Amino acid sequence: MSRSGAAAEKADSRQRPQMKVNEYKENQNIAYVSLRPVQTTVLIKTAKVYLAPFSLSNYQLDQLMCPKSLLEKNSNNEVACKKTKIKKTCRRIIPPKMKTTSSKSESTLQNSASAVHTESNKLQPKRTADVMNLSVDVESSQDGDSDEDITPGLDDFSGLSPYERKRLKNISENADFFASLQLSESAARLREIIEKRQPPKSKRKKPKRENGVGCRRSMRLLKVDPSGVPLPATPTPPTLVADETPLLPPGPLEMTSENQEDNERFKGFLHTWAGMKKPSSKNTEKGLSSIKSYRANLNGMVISEDTVYKVTTGPIFSMALHPSETRTLVAVGAKFGQVGLCDLTQQPKEDGVYVFHPHSQPVSCLYFSPANPAHILSLSYDGTLRCGDFSRAIFEEVYRNERSSFSSFDFLSEDASTLIVGHWDGNMSLVDRRTPGTSYEKLTSSSMGKIRTVHVHPVHRQYFITAGLRDTHIYDARQLKSRGSQPLISLTEHTKSIASAYFSPLTGNRVVTTCADCNLSATLFNLTSFKKYIVFLTRHNTFTGRWLTRFQAMWDPKQEDCVIVGSMAHPRRVEIFHETGKRVHSFGGECLVSVCSINAMHPTRYILAGGNSSGKIHVFMNEKSC
């Protein structure tokens, strides 16, 4: 070999250092470089080297091409098959969007081609052999691409890398594999099988009959006796319709006791009540007593088992103490229309209790007549107002309105001839007892949704106050005909339903209100100037619930600035508050075991009576009064 030939061969070996390795592989195993599908493992090994994207069309082909001696040993049939297979696969799988490559991607691939070539030259001999195997595959692909340039429609795949072509091939193979599984057809068959399967219907087997006789049944249900004789048909009881309590007949009712049958004793009872005299007016002349002496008298009031009386069967809704100074007489109005009279000076105490039934619904208001102490007036929800006359032993009818329900009343005159009646629907009635009949003189409506209590001013008797849902109004009875229901003063200190409102007993300059917001409020005002301001507002638990009668705070008739009210606290008690909001006294004891919602104080004596929801009265008395 000449020196020039050796130099040319040496230069050629420097440009392509991988030729010797491929020739070595050629001599050892020619099948190793053939383009067969088993070369997948080789591609995975060389993927680390050629992962950087590059363009096969712009890369230097002489750096990846194998020598002609090696390519000649591969049959032309294998190369042709490889080109045909790649062309068919790409045409079937590659979507139209993947057939074009942006100019920006191509420039990136061109810049990275030189870096990949430099790195490939630094590999070890073992890695160089793998690179040569890949170069043969790439060369075949490039040859195919160059051949396909002549064929129209194949220029779109010239920008794909070997990784992308391998990926498309895997996608095609996976699609063919899942299509061969026929999963959709299998799912459809399973769905049809599930729909066809239905749970078996359990049919109850009929009992077998022997000799035409069915199951054994109870003779009681067959309504026959043990011998087989049919029993007589039992009459069906009449169905009871839950109607409202029927009203009592109009007109006067005879005063008949429900709990006493001794006529002689009852006549003595009527004689005692009929002989009552009008009390003196020493209290008004005496004036107010000091708080110190008042508290001392309250401390002397006690309760015992002898002063606890069971009067009615239902809850007590109203209470009144007779102003007598010689006998202790208490009257109560109950839920079921009863009026109970109790004489605490009678011994034994059971003989001093008499119960009457002048109404059919709850008795919400009771007053002894200020003109005749032998008269007691009672007002009920049933729309009737009656006067019990003990001298004649009858309950005469004063006012009747079957279309309305009454809540409270009071006397507009000192002789008890005219009255003001409040209705639950917010109306007000003026009643004159001197006119014949049982109708009203004037019926007017108010802006209040309900009227719970009505109270007349003790000095200026033409004024009266009403307690409603949210407001407390003061009216002038003389202007009801001209002004209608326009109030003179409105008190709006509360935010919830008001239970009661009462004037102070001596001057009437104060008003105490009881509200469901657990507040007791006393308001001082002047009727001439129509000015008002709150004297005290104190917290007090007034939430009695649905089973207890509502609390109604009332003034002590002997004291202008003290209020009496029941309490929900334990142990049970009845409390007295001063107008400043301070507690003056608290009544309690072992005999007081229930809540006294309704309370009444004697106008001249230190006697307090409280009624509860079980029809009992608890009386606190001074030892001097016993």
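As annotated in an unreviewed UniProt entry, the protein chain carries the name WD repeat-containing protein 76 and comes from Cercocebus atys. According to its UniProt record, the protein chain has this under Subunit (unreviewed entry): "Interacts with CUL4A and/or CUL4B." Per UniProt, the protein chain carries the Sequence similarities (unreviewed entry) text "Belongs to the WD repeat DDB2/WDR76 family."

Novice: I would appreciate a short explanation of the overall build of the protein chain in the present structure.
Specialist: A count of helical and extended segments in the protein chain gives 13 helices and 30 strands. Expressed as a percentage of contacts within the protein chain between residues at least 6 apart in sequence, the contacts between residues at least 24 apart total 57%. As presented, the protein chain carries roughly 35300 Å² of accessible surface, and 53% of it is formed by carbon and sulfur atoms.

Novice: Just to check I follow, could you spell out the nonpolar core for this structure?
Specialist: It is characteristic of soluble globular proteins that their nonpolar side chains tend to be buried jointly. Formed by 21 residues in total, the largest nonpolar core has its most connected members in Met255, Phe269, Leu341 and Phe356. Within the residue set of this core, elements represented by two or more residues are α10 (263–274), β5 (329–334), β6 (339–343), β7 (353–356) and β8 (363–368). Broken down by element, the residue count for this core peaks at 4 residues, all from α10. Apart from residues no more than four positions distant in its own chain, Phe269 is found in contact with Leu341, Tyr354 and Phe356.

Novice: Before we go on, may I ask you to explain the pairing of strand β29 (residues 607–611) in this structure?
Specialist: Regular strands have side chains that alternate between both faces of the sheet. Of all the 5 residues making up β29, 5 are buried; the element is thus mostly covered by neighbouring parts of the structure. Residues Ile607, Ala609 and Gly611 point to one face of β29 and Leu608 and Gly610 to the other, with burial holding for every one of them. As paired strands, strand β28 (residues 598–601) and β29 are joined by 4 bridges and run antiparallel to one another. Residue pairing in the sheet places Ile598 in a bridge with Gly611 of β29. Linkage of β29 to strand β30 (residues 616–622), two consecutive antiparallel strands, is achieved through a turn of 4 residues, within which Gly615 is found at a positive phi near 85°.

Novice: Please clarify how the sheet that holds strand β19 (residues 489–491) should be interpreted in this entry.
Specialist: Each strand in a sheet pairs with its neighbour through backbone hydrogen bonds, running either in the same direction (parallel) or in the opposite one (antiparallel). Taken together, 4 strands build an open sheet; the order of strands is β16-β17-β18-β19 and the sheet is antiparallel. The open sheet has two edge strands with one neighbour each: β16 (453–456) and β19. Between one strand and the next, the sheet's axes are offset by a mean angle of 20°, whatever the strand orientation. Note that strand β18 (residues 472–476) and β19 share 3 bridges and pair antiparallel. Its bridge partner being in β19, His473 is matched across the sheet by Ser490.

Novice: Would you mind going over the pattern of salt bridges with me for this structure?
Specialist: One pass over the structure, following the stated rule, counts 15 salt bridges. Residue Asp262 is joined to Arg265 by a salt bridge in which the shortest nitrogen-to-oxygen separation is 3.7 Å. Note on Arg265: relative accessible area 33%, which makes it partly exposed. Three or more residues joined by partner-sharing salt bridges are found here, namely Arg386, Glu397, Arg400 and Glu402.

Novice: I tried to follow the environment of Phe395 on my own but got confused; where do I start?
Specialist: Note on placement: Phe395 falls in strand β11 (residues 394–400). Assessed through its relative accessible area of 4%, Phe395 is described here as buried. In sequence terms Phe395 and Leu385 are 10 residues apart; their C-alpha atoms lie 9.7 Å from each other. Excluding anything up to four places from it in sequence, Phe395 contacts Gly251, Pro252, Leu253, Met255, Phe356, Pro358, Arg386, Cys387 and Gly388.

Novice: Could you clarify how one ought to interpret the side chain of Glu560 in this entry?
Specialist: Within the secondary structure layout, Glu560 lies in the loop between β24 (554–555) and β25 (562–566). Within the structure, Glu560 has its side chain in polar contact with the backbone nitrogen of Leu506 (distance 2.9 Å).

Novice: Quick question: what am I supposed to make of a nonpolar patch on the surface here?
Specialist: Nonpolar side chains collect at one region of the surface, where Phe177, Phe178, Leu181 and Leu183 lie side by side and expose about 410 Å² of accessible area between them. Tracing the backbone shows Phe178 in helix α8 (residues 162–181). On the basis of relative accessible area, Phe178 is assigned to the partly exposed category, the value being 49%.

Novice: How should the environment of Pro436 be read in this particular structure?
Specialist: Its place among the elements puts Pro436 in the loop between β14 (427–432) and β15 (442–445). Residue classification places Pro436 among the exposed residues on the basis of a relative accessible area of 78%. Sequence spacing of Pro436 and Val398 is 38 residues, and the spatial spacing of their C-alpha atoms is 9.5 Å.

Novice: Can you help me understand the side chain of Thr466 in this one?
Specialist: Mapped onto the elements, Thr466 comes out in strand β17 (residues 463–467). The exposure class of Thr466 is buried, given its relative accessible area of 0%. Not counting the four nearest positions on each side in its chain, Thr466 is found in contact with Met428, Met448, Ile451, Thr453, Val454, Asp471, Thr472, His473 and Tyr475.

Novice: When you look at the pairing of strand β20 (residues 498–503) in this model, what are you seeing that I'm missing?
Specialist: Counting buried positions along β20 yields 6 of 6 residues, so the element is predominantly enclosed. One ladder, built from 5 bridges, connects β20 with strand β21 (residues 510–515); its direction is antiparallel. Residue pairing across strands places Ile498 opposite Cys515, the latter belonging to β21. If you look at the hairpin formed by β20 and β21, you'll find 6 residues sitting between the two strands, and Gly508 has a positive phi there, around 75°.

Novice: Sorry, what's going on with α10 here?
Specialist: With 12 residues, α10 extends 16 Å between its outermost C-alpha atoms, agreeing within 8% with the 16 Å of an ideal straight helix rising 1.5 Å per residue. Among all positions of α10, only Phe266, Phe269, Leu270 and Trp273 are buried. Across the axial projection of α10, the buried residues extend over an arc of 95°, all falling on one side. Facing away from the buried side of α10 by over 90 degrees, the exposed positions are Glu264, Lys267 and His271. In this fold, the buried residues of α10 make contact with β5, β6, β7 and β8.

Novice: Honestly, α8 in this entry has me stumped. Any pointers?
Specialist: Each full turn of the α-helix corresponds to 3.6 residues, which orients residues three or four apart in the same direction. Between its first and last C-alpha atoms α8 spans 29 Å; for 20 residues at 1.5 Å apiece the expected length is 28 Å, and the two agree. Among all positions in α8, only Arg165, Leu168, Lys169 and Ser172 are buried. Taken around the axis of α8, the buried residues stretch over an arc of 100°, which confines them to a single face. Downstream of α8 by one or two residues, Gln182 has phi in the positive range, about 60°.

Novice: What is the right way to look at the packing of aromatic side chains in this model?
Specialist: One pass over the full model with this rule turns up 19 aromatic pairs. With a centroid separation of 5.6 Å and an interplanar angle of 70°, the aromatic rings of Phe177 and Phe178 are classed as edge-to-face. Between Tyr399 and Tyr440 the ring centres are 6.3 Å apart and the planes differ by 90°, which places this aromatic pair in the edge-to-face class. Of the two residues, Tyr399 is situated in strand β11 and Tyr440 in the loop between β14 and β15; the sequence distance between them amounts to 41 residues. Owing to a relative accessible area of 0%, Tyr399 belongs among the buried residues under this scheme. Aromatic rings pair up to connect Phe266, Phe269, Trp273, Tyr354, Phe356, Phe368, Phe390 and Phe395 into one cluster. Arg546 extends its terminal NZ or CZ atom over the ring of Trp547, reaching a point 4.6 Å from the ring centre. Above the plane of the ring of Tyr606 lies Lys558, whose end atom (NZ or CZ) is 4.8 Å from the centre.

The rules behind each value
Residues numbered from 1 in each chain as written. Predicted model: local features only at pLDDT ≥ 70, side-chain atom pairs only at ≥ 80, totals over all residues. Heavy atoms only, no water. UniProt positions renumbered as here; feature names shortened; annotations may be inferred. Helix = DSSP H or I, 4+ residues; strand = E, 2+ residues; numbered from the N terminus. Contact = heavy atoms within 4.5 Å. Areas by Shrake-Rupley, 256 points an atom, 1.4 Å probe, with all protein chains shown as cover. Core = buried A, V, L, I, M, F, W, Y, C linked by side-chain atoms within 4.5 Å. Buried < 20%, exposed > 50% of the residue type's maximum accessible area, 1.4 Å probe, protein only. Pairing = 2+ DSSP bridges. Axes fitted to C-alpha atoms, helices over the stretch in contact; angles between N-to-C directions. Salt bridge = Lys/Arg side-chain N within 4 Å of Asp/Glu carboxyl O. Polar contact = N/O pair within 3.5 Å; in protein donor to acceptor, adjacent residues only side chain to side chain. Patch = residues over 30% accessible without salt bridge, like charges linked within 9 Å, V, L, I, M, F, W, Y side chains within 5 Å. Expected span 1.5 Å × (residues − 1). Arc of directions from axis to C-beta. Phe/Tyr/Trp six-rings, centres within 6.5 Å; stacked < 30°, edge-to-face > 60°. Lys NZ or Arg CZ within 6 Å of the ring centre and 35° of its normal.

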